[in-house]
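Each chain, letter by letter, is given below.
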Amino acid sequence: ENLGMALLGSSRAYMLQIGEHQTLSSGTIELMESAKEFLDSAIELDLPTPSHYVERGIIHAFFSEFELAYSDFEKAIEINPDLADTYFARAKTTANRGDFQLALVDLNTAIQLNPENGAYFRHRYVVYQLLGDLDLSETDFATALDLGWGATRLTNKGVPYLLDTSYFFKYQIPKLTLEES
């Protein structure tokens, strides 16, 4: 068990280093591959935790291995269906694939489980924008601000600036118009 947790800690360290990179480089890809190797080992060595599966799912999604990512998210939910971050990670992956309705379901679940996390409202704000529901979008933006989560607002309806660097998915759209609140 200790070795598995040590490997998980090592993979998190790699992921933190990756999160500091603003562009995709060969070094970033190598770090992700190393983190995945650590997680694979941790899962094989002891009873995996939801974190093992969520983090490996994030890496699978990074490499566009979506079925593997979803499989890992499902395994994490089977172990503990009450972890909001699992639904959040799956929602971000689903949104990246363009299924905003399904992403909304997972974001709603994450918010039900942890209504004090402004990141969940911030991301649901964007999904509502993409779905054209500007009223609910504005409500979530205000809630995210109240909870201390960022003050950058999308001004272009439907601009897919959804996923933050902590999960390494970000649509890059030229001429993204942002305003500070």
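Keep in mind the model is a prediction, meaning the values are calculated, not measured.

A. The arrangement of the overall build of the protein in detail. When you go through the protein residue by residue, the secondary structure sums to eight helices and two strands. For the protein, the proportion of its 181 residues judged to be buried stands at 45%. Contacts in the protein between residues at least 24 apart in sequence constitute 57% of all its contacts with a sequence separation of at least 6. Carbon and sulfur atoms make up 52% of the accessible area of the protein, which amounts to about 9100 Å² in all.

B. Representation of the pattern of salt bridges in the model. Overall, the coordinates contain seven salt bridges when judged by the stated rule. Ionic pairing is found between arginine 56 and aspartate 72, a salt bridge with its closest N-O pair at 2.7 Å. Taken together, the residues span a long stretch of sequence, with arginine 56 in helix H3 (residues 50-62) and aspartate 72 in helix H4 (residues 66-79) at a distance of 16 residues. Looking at arginine 56, the relative accessible area reads 13%, which means it is buried. Taking the relative accessible area as the measure of exposure, aspartate 72 reaches 1% and is therefore buried. The salt bridge involving aspartate 106 is made with arginine 90; its shortest N-O contact spans 2.7 Å.

C. Expanded view of the packing of H3 against H4. Orientation of H3 relative to H4, taken along the N-to-C sense of each, is 165 degrees, at an axis distance of 8 Å. If you check the angle between H3 and H4, you find them roughly antiparallel. Between H3 and H4 lies a crossing of left-handed hand. Along the contact surface, H3 presents Pro50, Tyr53, Val54, Arg56, Gly57, Ile58, His60 and Ala61, while H4 presents Phe66, Leu68, Ala69, Asp72, Phe73, Lys75, Ala76 and Ile79. Split into classes, the residues belonging to the contact of H3 with H4 amount to eleven nonpolar, two polar and three charged.

D. How the structure looks around the nonpolar core. Core analysis: the largest hydrophobic core is formed by 18 residues, its most contacted members being Phe88, Leu107, Ala110, Tyr120 and Val127. Counting residues per element, this core draws most heavily on helix H6 (residues 100-113), which supplies six residues. Of all hydrophobic cores here, the second largest spans eleven residues; its members include Tyr53, Ile58, Ala69 and Ala89.

E. Fine view of H3. Along its 13 residues, H3 runs 18 Å from first to last C-alpha, staying within 8% of the 18 Å computed at 1.5 Å per residue. For H3, the buried fraction is high: twelve of the 13 residues fall into the buried class. Among the residues of H3, Pro50, His52, Tyr53, Val54, Glu55, Arg56, Gly57, Ile58, Ile59, His60, Ala61 and Phe62 are the ones counted as buried. Count one or two residues on from H3 and you reach serine 64, which has phi positive near 60 degrees.

What counts as what
Residues numbered from 1 in each chain as written. Predicted model: local features only at pLDDT ≥ 70, side-chain atom pairs only at ≥ 80, totals over all residues. Heavy atoms only, no water. Helix = DSSP H or I, 4+ residues; strand = E, 2+ residues; numbered from the N terminus. Buried < 20%, exposed > 50% of the residue type's maximum accessible area, 1.4 Å probe, protein only. Contact = heavy atoms within 4.5 Å. Areas by Shrake-Rupley, 256 points an atom, 1.4 Å probe, with all protein chains shown as cover. Salt bridge = Lys/Arg side-chain N within 4 Å of Asp/Glu carboxyl O. Axes fitted to C-alpha atoms, helices over the stretch in contact; angles between N-to-C directions. Parallel < 35°, antiparallel > 145°, perpendicular 65-115°, else oblique. Left-handed = near helix turned anticlockwise from the far one by under 90°. Nonpolar A, V, L, I, M, F, W, Y, C, P; charged D, E, K, R; others polar. Core = buried A, V, L, I, M, F, W, Y, C linked by side-chain atoms within 4.5 Å. Expected span 1.5 Å × (residues − 1).

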